[in-house]
Amino acid sequence: MTTQQHSTDQPHVPLSAPESEAVEERDAQPAPSTRRERAGLSWPVKVALRLVVPAAILLVWWLVSTSQRMGLYVVDPLTAFDRFVTDFLSADPSRFFLGDATYDHLFPSVGRALAGLAIAIVVGVVVGIVLGISPVLTGLFQPMVHLGRSLPSPALLGVFFFMFGTGDLPKIFLIAFSIVWPILLNTIDGVSSIGQVRAQAAQVFRIPGRDVLFHIVLPGAAPKIFAGIRTSLSLSLILMIISELQKSENGLGYQLIQSQRNFDYAGFWSVLIVLVILGVAFNLIFKFVERRALAWHRGATQQND
Amino acid sequence: MTETSAATAGTSAELLLDAVSKSYGDNLAVRSISAEVPASKISVIVGPSGCGKSTLLRIISGLDNPTSGQVRFEGDPVDGVPEGLAMVFQDYSRSLYPWMRVDKNVEFPIKHLPAKERAERVRFAIEEVGLTHKEKLYPWQMSGGMQQRVAIARALASHPKLLLMDEPYASVDAQTRADLEDLLMRIQAELGITVLVVTHDIDESVYLADRIIVLSSPPSVVAEVIDVDLPRPRDHIATKTDQRFVEIRSHVTRLLRSKEPAATA
Ligand SMILES: Nc1ncnc2c1ncn2[C@@H]1O[C@H](COP(=O)(O)OP(=O)(O)O)[C@@H](O)[C@H]1O
Ligand SMILES: [Mg+2]
């Protein structure tokens, strides 16, 4: 009798249902943090591919620098690189092999950019979560957010000087004010992307507000937040330069202006090299952090694709 | 099969629905539902799609308020999510937290407990649903059926007195569904909890239930309450070929087929 056969299945033994055997965990990726290779390309090919465009740019740069008219303003890459080494590097181990320009201009610039970025992240995420959680507040402040986002913030530099004097503060606040919008909008979006059912589950299990915030809302919105930060990161470098074009005593933007005024084109191009290096470095650090923070998300989206 | 009138003032009932109605604006979703959910039994609400089953579960769990009427859980009127209640949602992929591994998902609702008790409950719940050794996977690394097991384990770990399930097996394949139905009945028998399942599947309702609450089409009322006395433990082949099973199933089918809402309860 089938009933009898079934009752032998009843005792405490955890079910060894056919399903749990048959449907093994999909595509068991042991550590979700392992890098996933883009299909089909081995790494030497990938590295080579990545170098093609920079090499082409260098070539064009060099060609332009040899032309009759443009050559006056465009120094050749080697001269520029040579100047970069003299200004920004040194042979002094006690100064970590870094040159005067690094200490006098690069570090202050980067410091202000990072300070602005930090403020933008904190303000953007905190305000974004508050707005994202409350539909009423979103409704109230949505117009203001869109207004703020579309303000031509570089034009406001004068206002910031007026409000915060001439030191680092107006520059930092200009950067923060200009780049906070992508983070803010993405955070609002991210909070609503967590989903009603997950919120209801938290409610049914009577999860305290603190845990909901730190273990559901923040991680759930994190993918979108990171996307916003990525946009803001590149904006921060642009705003960093813009903020230093006026009333500045140091910084890469200041250097750009000074070298142009002094017809020092090698100096000008060496600063551009620094900016490229800076952009690449920011991006690498960002990717590194994102990879660790969002390992689950890459896995989850790969499954659903 | 014995039929009981729904509104009898029962005291042994774990959960009591008293003339619960719900309207969204002008749309009357639930007209008036009165029913008793007996303690330590499996009750099943069955009804056509859109008849307000999910709405009813949200009201029972305190996530939503009825427009009129009242829900009583262990005698107390429900106002906000009561203690001792757990829920398994239809869509596991939307109710689990994909950034937490299986054990963290299960542990999350009981984070406030001492570490030792927490670990013990997580281990037990995961063993109950047959997911031992899968604790360190992420939900999205598992099949749908396994994810729904995680959701069940999460509910069990919170030691509920009342377990609500909203079409828990609607998104898994037939074989998995059968396994999970048996899993539910085994766990319920072992732990003696009160279970209230919502489904639109007639077979499932008869197979699982000690009591079936049949809802009419919207605006819904209780069409009939049916106490199912099929012997336990039940079995997919023996039970489903049992003459009484077939009778009850036909009866429920007829109730759901009849177009006009049945007599107001
Ligand atoms: N939040 C809501 N706002 C407006 N109408 C709703 C809402 N939730 C459910 N309804 C309506 O209530 C009725 C019942 O829905 P639901 O409870 O989801 O039914 P079921 O779960 O039985 O399929 C439907 O007509 C639906 O449109
Ligand atoms: Mg539903």
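This is a predicted model, so every value here is computed, not measured.

Calculation notes
- Residues numbered from 1 in each chain as written.
- Chains lettered and ligands numbered in written order.
- Predicted model: local features only at pLDDT ≥ 70, side-chain atom pairs only at ≥ 80, totals over all residues.
- Heavy atoms only, no water.
- pLDDT = per-residue confidence, 0-100.
- Helix = DSSP H or I, 4+ residues; strand = E, 2+ residues; numbered from the N terminus.
- Contact = heavy atoms within 4.5 Å.
- Core = buried A, V, L, I, M, F, W, Y, C linked by side-chain atoms within 4.5 Å.
- Buried < 20%, exposed > 50% of the residue type's maximum accessible area, 1.4 Å probe, protein only.
- Domains from an automatic or database assignment.
- UniProt positions renumbered as here; feature names shortened; annotations may be inferred.
- Polar contact = N/O pair within 3.5 Å; in protein donor to acceptor, adjacent residues only side chain to side chain.
- Expected span 1.5 Å × (residues − 1).

Enquirer: How should the confidence of the model for chain A be read in this particular structure?
Expert: Low pLDDT means the predicted atomic positions in that stretch should not be read closely. Residues and elements named next belong to chain A. Averaged over all residues, the pLDDT of chain A is 85; the fraction at 70 or higher stands at 86%. No element of chain A has a lower mean pLDDT than helix α2 (residues 18-22), which averages 39, and none a higher one than helix α5 (residues 100-133), which averages 96. Of the regions scoring below 50 in pLDDT, residues 1-35 engages in 62 contacts with residues more than four places distant in sequence or in other chains.

Enquirer: Got a minute to help me understand the nonpolar core in this structure?
Expert: Inside soluble globular proteins, nonpolar side chains tend to come together where they are buried. Core analysis: the biggest nonpolar cluster contains 151 residues, and Leu 252 of chain A together with Ile 212 of chain B have the highest contact counts within it. Among the elements that line this core, the one with the most residues is helix α10 (residues 209-243) of chain A, at twelve residues. Formed jointly, this core draws a minimum of three residues from each of two domains, domain 1 (1-84 + 162-265) and domain 2 (91-159) of chain B. Non-local contacts of Leu 252 of chain A, meaning those with residues more than four positions away in its chain, are made with Phe 88, His 105, Leu 106, Ser 109, Met 240, Ile 241, Glu 244, Val 271, Val 274, Leu 275 and Leu 278 of chain A.

Enquirer: Just to check I follow, could you spell out the UniProt feature "transmembrane region" (unreviewed entry) in chain A for this structure?
Expert: Residue and element names in this part refer to chain A. UniProt's entry tags residues 47-64, 113-137, 149-166, 172-191, 212-242 and 266-286 with the feature "transmembrane region" (unreviewed entry), counted in the numbering of this structure. Secondary structure across residues 113-137 comprises 96% helix and 0% strand; the distance between its end C-alpha atoms is 30 Å. Here residues 266-286 is 100% helix and 0% strand, with 30 Å between the C-alpha atoms at its ends.

Enquirer: Help me understand the UniProt feature "domain: ABC transporter" (unreviewed entry) in chain B, please; the structure alone is not making it clear to me.
Expert: Sites flagged by UniProt as "domain: ABC transporter" (unreviewed entry) map to residues 15-242 of chain B. In residues 15-242 of chain B, helix accounts for 33% and strand for 28%; the two terminal C-alpha atoms are 30 Å from one another.

Enquirer: Sorry if this is basic, but what is going on with the side chain of Arg 211 of chain B here?
Expert: All names here are of chain B. Among the secondary structure elements, Arg 211 is positioned in strand β10 (residues 211-215). According to the relative accessible area criterion, Arg 211 is buried, its value standing at 11%. Within polar-contact distance, the side chain of Arg 211 engages the side chain of Asp 227 at 2.8 Å.

Enquirer: How should helix α9 (residues 243-257) of chain B be read in this particular structure?
Expert: Three or four residues apart is the spacing at which side chains of an α-helix point the same way, because the helix has 3.6 residues per turn. Under the 1.5 Å per step criterion, the end-to-end length of α9 of chain B is 21 Å for 15 residues, consistent within 8% with the ideal 21 Å. The opening residue of α9 of chain B, the one whose side-chain oxygen lies 2.9 Å from the backbone nitrogen of Arg 244 of chain B, is Asp 242 of chain B.

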